[in-house]
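Fold and geometry: a report
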Amino acid sequence: MSSRWRWTTSSESQHRGACGWAAFVLVVAIVCARPDNACGSEVAIVVRADSALTSLSRDDAYAMFVLDRRRDYVTYDLPDTDPAREAFYLQLAGKNLAMMRGLRARLVFSGLAKPPRQINAAELIHILQQDPKAIGYLPADLVPPGVRVLLPLGAAP
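The structure reproduced in this document is the subject of the present report. (Residues numbered from 1 in each chain as written. Predicted model: local features only at pLDDT ≥ 70, side-chain atom pairs only at ≥ 80, totals over all residues. Heavy atoms only, no water.)

Overview of helix H5 (residues 121–130)
Buried residues of H5: Ala-121, Leu-124, Ile-125, Ile-127 and Leu-128, and no others. What you see down the axis of H5 is that its buried residues fit within an arc of 165°, all on one side. Across H5 from its buried face, at more than 90 degrees, point the exposed residues Ala-122 and Gln-130. Contacts from the buried residues of H5 go to strand E1 (43–48), strand E2 (74–77), strand E3 (117–118), strand E4 (134–139) and strand E5 (147–153). N-capping of H5 is provided by Asn-120, with a side-chain oxygen placed 3.1 Å from the backbone N of Ala-122. (Buried < 20%, exposed > 50% of the residue type's maximum accessible area, 1.4 Å probe, protein only. Helix = DSSP H or I, 4+ residues; strand = E, 2+ residues; numbered from the N terminus. Arc of directions from axis to C-beta. Contact = heavy atoms within 4.5 Å. Polar contact = N/O pair within 3.5 Å; in protein donor to acceptor, adjacent residues only side chain to side chain.)

Below you can see the structure in the form of structure tokens.
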């Protein structure tokens, strides 16, 4: 009776595992190297220049944007189609958009949170210049005069 299974040695298994990781790293590098991808984008959390909010920690930003603990501020999100949105959540929470949708769905369904309103970057800049209680995020190179950076977020991990 012959066996259908081929037993591999530990060195063969290690070789396959190393090749798998190398392929994964290569795919990530290729995706992040694309110019339309937000993997390397720097994003900054911003408010109006004369806002009473003068500083913000990563934990406070996570609480405001993800957990809906906004205090008396109004948070704004960029649309799903904007590459800065994925960069923002990768940098702030370590989650891609699909993971954020799942987390948000659970929070909304349980009644614990509601997502920030989605607007484009031009509308966000206009609202930030008008409302001292507005808070959002923009690509670091799009921050205009009259808007203060509270928390710069570096390139995604």
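Back to the write-up after that little detour.
Points about the pairing of E1
Summarising burial for E1: five of the six residues are buried, a large majority. Taken together, the five bridges between E1 and E4 define a ladder with antiparallel strand orientation. Note that in E4 the partner of Val-47 across the bridge is Ile-135. Relative to E5, E1 is paired through six bridges, and the arrangement is antiparallel. Bridging across to E5, Ala-44 finds its partner in Pro-152. (Pairing = 2+ DSSP bridges.)

Some thoughts on the nonpolar core
If you look at the biggest cluster of nonpolar residues, it comprises 39 residues, and the most contacted ones within it are Ile-45, Leu-56, Phe-65, Phe-88, Tyr-89, Ile-135 and Tyr-137. Residue assignment for this core shows that the elements contributing at least two residues are E1, helix H2 (58–65), helix H3 (83–93), helix H4 (97–109), H5, E4 and E5. The greatest single-element share of this core, amounting to six residues, is contributed by H3. (Core = buried A, V, L, I, M, F, W, Y, C linked by side-chain atoms within 4.5 Å.)

Overview of the sheet that holds E1
An order of E3-E2-E4-E1-E5 is seen for the five strands of this open sheet, with the pairing classed as mixed. Among the strands making up the open sheet, the edge pair consists of E3 and E5.

A closer look at the side chain of Arg-70
For Arg-70, the location among the structural elements is in the loop between H2 and E2. Polar contacts involving the side chain of Arg-70 include one to the side chain of Asp-68, which spans 3.0 Å. With residues up to four places along the chain from it excluded, the contact list for Arg-70 reads Met-64, Thr-75, Lys-114, Pro-115 and Pro-116.

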